[in-house]
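Results of the structural survey
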Amino acid sequence: MFRLKNLLETHFDELARSITIENGKILDDARAEMRRAVENVEVACGIPMLMLGDFAEDIARGIDEYMIRQPVGVIAAICPFNFPGMIPFWYLPYAVATGNSIIIKPSERTPLTMVKVFQLLEQAGFPAGVVNLIHGGAEVVNALLDHPLVHGITFVGSTAVARHVYSRASLHGKRVQAQGGAKNPVIILPDADPEMTTKIVTDSVYGNAGQRCLAAANIVMVSGAEKTFLPLLAEMASSRIVGNGLTAGVHMGPVITPHSKARIQGLIETGIQEGANLVLDGRNPHIAGYEQGNFLRPSILDHVSPHSTVARTEIFGPVMTVIHRNSVDDAIELVNSGQYGNMACVFTSSGAAARKFRTEAQAGNIGINIGVPAPMAFFPFSGWKDSFFGTLHGQGRHAVEFFTQTKVVVERWLKEWERPF
Ligand code: NAD
């Protein structure tokens, strides 16, 4: 693990460039992604502490009892396209450090970065067969879900596929954790700091071209907050520079496929049909030199009905949907009425409002004046509701529990002089 960490640091920029080339995100975001990947290797370097068992002496006269953790066996990790460098590292370091072997199945849309990582794993000296890379789509996933020698499945992707993976793999008796999609609400109260809130919310909505599971999507303006914040957000969104993620100064790259671009543009049209007001139109942009690229500029739909398709669907593109509410209670009710529970954020200068939100919001990752509350490697990535199927989440202690099975031993040793022979 220490050798792997050193190799990842040495090849850091090369891996970040590979992410930008295959995924489209800007180089700064790709570097941030790789930093998160390395963090997980660092935490796994401390596995002896995380994996410790328990010992109770003399649970009855002369009898001791203890619990140890042993590996589960073969793990398969099925990954999405939006973080091709980071998400495999939510699993690989912990699975291997706890004694399992792992098969990584990257998204068929972003297969390159893991090929480079596996060259480094080989250099680091991981024994043959302990870490394995396999490419492909649904057919390969289903083969892994059904295979009798695969004992555990970790999945990250859309909710429909997460549900399929969870049910099919658990039918075969495997342990499964499946992280799904999201539609993340962000509440802005009138007392929020204008400059900080505008910058952070814009970055959260449009970072990685909106293709993050922790992207802000439904922006809930409370008690007239839109008077201050909507013009500021529209101005900052429209000033974002769109282009090749490898070019310095660019804020936003393309979305992943032509199909994805068409789907996002179709959803903007749906929003208009449903009565929303298109404040900023990012459809069909002209990006010089990239006329065939999958580019979109930021869009904003205002006065979106909470019951509409665009308020309920994960757009997974650079589109902000703005909803208006009259009180914090109404806003929290709106947050909790959603299908997903990946993230919920509040922007305010009121400690009491923030505390109420933190307590009552039904989501597993909460941001208070934070736009992308991605847990550090030593905390679990805690999706709720349709954003997660399973019990134990990725990263940190949860990962150690998921990748090990507990064994309890009750032990007695007769003293020599007590033996009957
Ligand atoms: P996806 O569900 O299309 O694909 C994910 C993986 O599943 C890929 O490896 C793919 O090959 C496989 N797959 C796709 N269709 C399948 C099928 N019918 N049967 C079996 N396997 C199948 O997801 P994506 O488009 O790559 O990623 C975007 C989605 O991932 C978004 O919904 C996003 O919110 C979610 N995501 C969630 C988290 C999280 O932590 N909750 C993190 C990142 C991304």
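Residues numbered from 1 in each chain as written. Predicted model: local features only at pLDDT ≥ 70, side-chain atom pairs only at ≥ 80, totals over all residues. Heavy atoms only, no water.

Between the first and last C-alpha of helix 11 (residues 258-273) there are 23 Å, a value that for 16 residues agrees with the 22 Å anticipated at 1.5 Å per step. Buried within helix 11 we find Ser260, Lys261, Ile264, Gln265, Leu267, Ile268 and Gly271. In an axial view of helix 11, the angular spread of the buried residues amounts to 155°, which keeps them on one side of the axis. Exposed side of helix 11, more than 90 degrees from the buried face: Pro258, His259 and Gln273 are the residues found there. Residues of helix 11 that are buried sit in contact with strand 10 (277-280), strand 11 (299-302), helix 12 (309-312) and strand 12 (319-325). (Helix = DSSP H or I, 4+ residues; strand = E, 2+ residues; numbered from the N terminus. Expected span 1.5 Å × (residues − 1). Buried < 20%, exposed > 50% of the residue type's maximum accessible area, 1.4 Å probe, protein only. Arc of directions from axis to C-beta. Contact = heavy atoms within 4.5 Å.)

Moving on to the site of the ligand. As a structural note, the neighbourhood of the ligand is formed by 30 residues, with Cys79, Glu108, Ser158, Gln179 and Glu314 the closest of them. A distance of 2.8 Å separates an oxygen atom of the ligand from a polar side-chain atom of Lys105. Within the contact set of the ligand, an oxygen atom lies 2.6 Å away from a side-chain nitrogen or oxygen of Glu108. The leading source of residues in the shell around the ligand is helix 7 (residues 138-146), at three residues. Mapping the shell around the ligand onto the domain boundaries places at least three of its residues in each of domain 1 (2-180 + 387-410) and domain 2 (184-368). (Near = heavy atom within 4 Å. Polar contact = N/O pair within 3.5 Å; in protein donor to acceptor, adjacent residues only side chain to side chain. Domains from an automatic or database assignment.)

This model, assessed by the stated rule, comprises eight aromatic pairs. On the basis of an interplanar angle of 90° and a centroid distance of 5.9 Å, the ring pair of Phe81 and Phe316 is categorised as edge-to-face. Residue Phe81 is located in the loop between strand 3 (74-78) and helix 5 (92-97), and its partner Phe316 is located in the loop between helix 12 and strand 12; the two are separated by 235 residues in the primary sequence. Judged by its relative accessible area of 17%, Phe316 is buried. When the ring of Trp90 is compared with that of Tyr91, the centres are 6.3 Å apart and the planes differ by 80°; the resulting orientation is edge-to-face. The residues Trp90 and Tyr91 share a single accessibility class, namely buried. The ring of Phe83 carries the charged tip of Lys25 above its face, separated from the ring centre by 3.8 Å. (Phe/Tyr/Trp six-rings, centres within 6.5 Å; stacked < 30°, edge-to-face > 60°. Lys NZ or Arg CZ within 6 Å of the ring centre and 35° of its normal.)

Time to look at the domain arrangement of the protein. According to the domain assignment, the protein consists of domain 1 (2-180 + 387-410) and domain 2 (184-368). Between the C-alpha centres of domain 1 and domain 2 the distance comes to 30 Å. Facing the 17 residues of domain 1 at the interface are 19 residues of domain 2. Taking both partners together, domain 1 and domain 2 bury about 1,500 Å²; carbon and sulfur atoms supply 59% of that area. The largest contributions to the domain 1 side of the interface with domain 2 come from Ile26, Phe81 and Ser387, which together make up 33% of the buried area. A salt bridge links Arg212 to Asp29, with the nearest nitrogen and oxygen atoms 3.9 Å apart. Taken together, the links from domain 1 to domain 2 amount to five residue pairs in polar contact (both at pLDDT 80 or more). Elements that contribute at least two residues to the side of domain 1 that touches domain 2 include exactly helix 2 (12-23) and helix 3 (27-44). (Buried area = accessible area lost by both parts, 1.4 Å probe. Salt bridge = Lys/Arg side-chain N within 4 Å of Asp/Glu carboxyl O.)

Turning next to the pattern of salt bridges. Applying the stated criterion to the full structure yields 18 salt bridges. With its nearest N and O atoms 2.7 Å apart, the salt bridge here joins Lys5 to Glu9. You can see Lys5 and its partner Glu9 sitting in helix 1 (residues 2-10), four residues apart, about one turn around the helix. The exposure class of Glu9 is partly exposed, given its relative accessible area of 28%. Between Arg283 and Asp281 there is a salt bridge; the shortest N-O distance is 2.9 Å. The partly exposed category is assigned to Asp281, whose relative accessible area is 43%.

Most often, soluble globular proteins have nonpolar side chains that are buried together. Within the largest apolar cluster, 107 residues are counted, with the highest numbers of intra-cluster contacts made by Ile102, Ile187 and Ile219. Per-domain counts for this core show at least three residues from each of domain 1 (2-180 + 387-410) and domain 2 (184-368). In this structure, Ile219 is in contact with Val186, Ile188, Val201, Val205, Met320, Thr321, Val322 and Ile323, ignoring residues within four places of it in sequence. Ile78, Leu144, Val165 and Ala178 belong to the second-largest nonpolar core, a separate cluster that totals 16 residues. (Core = buried A, V, L, I, M, F, W, Y, C linked by side-chain atoms within 4.5 Å.)

With mixed pairing, the six strands of this open sheet are ordered in space as 5-4-3-6-7-17. The sheet terminates laterally at strand 5 (131-133) and strand 17 (388-389), the two strands that pair on one side only. For strand 4 (residues 101-105) and strand 5, the ladder comprises three bridges, and the chain directions are parallel. Bridging from a neighbouring strand, Ile104 pairs with Leu133 of strand 5. The strands that helix 6 (residues 112-124) touches are strand 4 and strand 5; relative to strand 5, the one it contacts most, it runs at about 150°. Packed onto the sheet, helix 8 (residues 159-171) meets strand 6 (152-156), strand 7 (175-179) and strand 17 and runs at close to 175° relative to strand 7. (Pairing = 2+ DSSP bridges. Axes fitted to C-alpha atoms, helices over the stretch in contact; angles between N-to-C directions.)

Attention shifts here to the pairing of strand 15 (residues 365-368). Burial along strand 15 is one-sided: the face carrying Asn365 and Gly367 is buried and the face carrying Ile366 and Ile368 is not. Across four bridges, strand 14 (residues 343-347) lies against strand 15 in parallel orientation. Bridge assignment links Ala344 to a residue of strand 15, and that residue is Ile366. The handedness of the strand 14 to strand 15 crossover, carried by helix 14 (residues 351-360), is right-handed. (Right-handed = clockwise from strand over helix to strand, strands pointing away.)

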